[in-house]
Amino acid sequence: MAKAKRKFVCQQCGTVTSRWQGQCEDCGEWNSIVEEAAETVFSQRHDLQNGGRAITLVGLDSAVELPPRTSTGIAEFDRALGGGIVHGSATLIGGDPGIGKSTLLLQAAARIASRGLSVAYISGEEAADQVRLRAQRLGLGSAPVQLASATSVRDILTTLGEGPPPALLVIDSIQTMHSDLIEGAPGTVSQVRAASQELIKFAKQRGTALILVGHVTKDGSIAGPRVLEHMVDTVLAFEGERSHQYRILRAVKNRFGGTDEIGVFAMVAEGLEEVANPSALFLTNRDETVTGATVFPALEGTRPVLVEIQALVVRLSSGATPRRAVVGWDSGRLAMILAVLEARCGLSFSTCEVYLNVAGGYRLTDPAADLAVAAALISAMSERPVPVDVVLFGEIALSSEIRPVSHSPLRLREAAKLGFNRAFIPASAADGVKGIAVSGFRTLAQLVDQMLGRG
């Protein structure tokens, strides 16, 4: 006899338990475990060593063709994807509400459809008239995009199966889709898994490029990451602050390309606009020297981006507890830089409040920013500005040694292109490039001595 077993599934990570509990043991979320209908399980043993279909094994040296790609017509979007959308692939794009996911995909869908390819845009959150009005505001009202508002996966696949498959299928969003094969409300882990499986199966079988829009949790990760991210071929994160103009499209996972490229956009009245020179977004007016401001050539994949790092040091009266506030950088790494400056270079920040900001809302993870951050702190404390024509990069060790970083010539060439004449870099780094003078430093103490005029 078939026996239905009860199961409880965490809506954040997908963990399955046999009983309800207040906190998920895997992800630590509270009140995220919900009872879902379980499949019927038969207590029958099968011998899996017989009765199957023989599969073909091939060697690693077998010739393989590169997968065909379709350009979206948006160069920054293609860059993040690795060269375009792969036929038959499944792509997941996530980002905060209102960041511009639907706008970007509507622009890409319109450009692909304008080249004569079939494009279907299915919206589960908005009515078709709402999407049509947005397209008219963006100047895309005449694009031959097939538009519909639906949430039933069965209805969507039945409609698409009646004729030739579309070249591109956009689902906005996957958390609103519903499969009638299982019980559960749209957005639950089981429904997201089932709906995604059916849509991805259709894309693989018919050669349609599938793009899914995913909601994000309060910490910025895609909702149900363990469920969705393993099922799709590419995961893109759309980052940026709604209060800032810029947006960054970053590849988190890509089976058909690298994950070190980004696409940069600016939000304007006509929608998302490509930014050919991202450094212009993150550099403020450099005509006047300001204490506590340095320029760091960050590297995103093969693209260098110059960003401004700003520091403010405020001296406090004795006995007050100083604050450490960081925007756009790791607070733990700031604490390490302050400790090295105090222990190895003789500078004391124990009675000072320290504020650090990366201009333009940019978020830095590159350890090469250590030297630029240290120089900004030294400049803010001594009230001696760093020359406006200088860029800095290098990783700082706990011994105060300045270690070399990757792609130094690429960073220097970008700085020279934007008018910077000098660079402070690790002494062991490669030689400079034409148009920019290089000053090498072996330890952080040497940089402190030069900036403070010691010795």
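Residues numbered from 1 in each chain as written. Predicted model: local features only at pLDDT ≥ 70, side-chain atom pairs only at ≥ 80, totals over all residues. Heavy atoms only, no water.

Side note on unusual backbone geometry
Applied cut-off: Going along the chain from the N terminus, every DSSP run of H or I of four or more residues is numbered as a helix, and every run of E of two or more is numbered as a strand.
Going from D172 to S173, the amide bond is cis rather than trans, its omega being 5°. Counting through the fold element by element, S173 comes out in the loop between β11 (168-172) and α5 (189-206). Not every positive phi belongs to a glycine, and E383 is a case in point at roughly 60°. Here E383 lies in the loop between α9 (370-382) and β21 (390-392).

Digging into the sheet that holds strand β2 (residues 7-10)
The condition is simple: Strands qualify as paired when DSSP identifies two bridges or more between them.
Spatial ordering of the open sheet is given by β3-β2-β4, a layout of three strands whose pairing is antiparallel. The sheet terminates laterally at β3 (16-17) and β4 (33-36), the two strands that pair on one side only. Note that β2 and β3 share two bridges and pair antiparallel. If you follow F8 over to β3, its bridge partner there is T17.

A look at the side chain of D366
Stated formally: The rule is simple: take the accessible area with a 1.4 Å probe, protein chains only, and divide by the maximum for that residue type; under 20% is buried, over 50% is exposed, in between is partly exposed. Any pair of nitrogen or oxygen atoms within 3.5 Å is treated as a polar contact; in protein, a donor-acceptor pairing is required on top of that, and neighbouring residues in sequence qualify only through side-chain atoms on both sides. Note on contacts: a residue pair qualifies if any of its non-hydrogen atoms lie within 4.5 Å across the two residues.
Structurally, D366 is set in the loop between β20 (352-358) and α9. You can call D366 buried: its relative accessible area is 17%. Polar side-chain contacts of D366 include one of 3.0 Å to the backbone nitrogen of A368. Within the structure, the side chain of D366 is placed 3.1 Å from the side chain of R411, a separation counted as a polar contact. The residues touching D366, leaving out its near neighbours within four places in the chain, are F296, L299, W329 and R411.

Quick word on the environment of A80
Among the structural elements, A80 can be located in helix α1 (residues 75-81). Residues A80 and G319 lie 239 residues apart in sequence; the distance between their C-alpha atoms is 50 Å. Leaving out residues up to four positions away in the same chain, A80 has contacts with L236, L249, A251, N254, E261 and G263.

What to know about α5
Residues spaced three or four apart along an α-helix point in a common direction, a consequence of the helix completing one turn every 3.6 residues. The criterion, for reference: By this rule the span expected of a helix is its residue count minus one, scaled by 1.5 Å.
Between its first and last C-alpha, α5 extends 26 Å over 18 residues, near the 26 Å set by a 1.5 Å rise per residue. Of the residues making up α5, those classed as buried are V189, S190, Q191, V192, A194, A195, S196, L199, I200, F202 and A203. Positive backbone phi, at 75°, marks G207, one or two positions downstream of α5.

Digging into the UniProt feature "binding site: ATP" (unreviewed entry) in the protein
To be explicit about the condition: UniProt positions are given in the numbering used here, feature names are shortened, and annotations may be inferred rather than shown by experiment.
UniProt records the feature "binding site: ATP" (unreviewed entry) at G95, D96, P97, G98, I99, G100, K101 and S102, using the numbering of this structure. With respect to the secondary-structure elements, G100 resides in the loop between β8 (90-95) and α2 (101-114). The contacts of G100, once residues within four sequence positions are left out, are F238, M267 and L272. With respect to the helices, strands and loops of the structure, K101 is situated in helix α2. Owing to a relative accessible area of 10%, K101 belongs among the buried residues under this scheme. Apart from residues lying up to four places away in sequence, K101 is in contact with I93, G94, G95, D96, V213, G214 and F238.

Quick word on the environment of A445
One can find A445 in helix α11 (residues 444-452). For A445, a relative accessible area of 23% corresponds to the partly exposed category. Between the alpha carbons of A445 and G361 there is a distance of 30 Å; along the sequence they are 84 residues apart. With residues up to four places along the chain from it excluded, the contact list for A445 reads R344 and C345.

Quick notes on the packing of aromatic side chains
Keep this limit in mind: The aromatic pairing rule takes the rings of Phe, Tyr and Trp, using the six-membered ring of Trp, and pairs them if the centres are within 6.5 Å, calling planes under 30 degrees apart stacked, those over 60 edge-to-face and the rest tilted. By definition here, charges over rings are those cases where NZ of Lys or CZ of Arg is within 6 Å of the ring centre and within 35 degrees of the ring normal.
One pass over the full model with this rule turns up two aromatic pairs. For the pair F238 and F265, a centre-to-centre distance of 6.2 Å together with 75° between the ring planes defines the contact as edge-to-face. Within this pair, whereas F238 is found in strand β13 (residues 234-239), its partner F265 is found in strand β15 (residues 262-268), the two being separated by 27 residues in sequence. Accessibility classification places F238 together with F265 in one group, the buried group. Ring geometry for F424 against F441: centres 5.3 Å apart, planes inclined by 75°, an arrangement best described as edge-to-face. Residue F424 is located in strand β24 (residues 422-426), and its partner F441 is located in strand β25 (residues 437-441); the two are separated by 17 residues in the primary sequence. Here F424 matches F441 in class, with each residue buried. A cation sits over an aromatic face here: R411 above F393, 5.7 Å from the ring centre.

A short note on the pairing of strand β9 (residues 119-123)
Defined as follows: Place the viewer so that the strands point away; then a crossover is right-handed whenever the path from the first strand over the helix to the second strand goes clockwise.
Taking burial as the measure, the five residues of β9 include five buried ones, the bulk of the element. Residues V119, Y121 and S123 of β9 are buried on one face, and the alternating residues A120 and I122, pointing to the opposite face, are buried as well. The pairing of β9 with β11 spans five bridges and is parallel. In the strand pairing of β11, S123 is matched with D172. Inspection of the sheet shows β9 paired to strand β10 (residues 146-149) by four bridges, in the parallel sense. Across the sheet, residue I122 finds its bridge partner in β10, namely A148. What joins β9 to β10 is helix α3 (residues 128-137), and the crossover it makes is right-handed.

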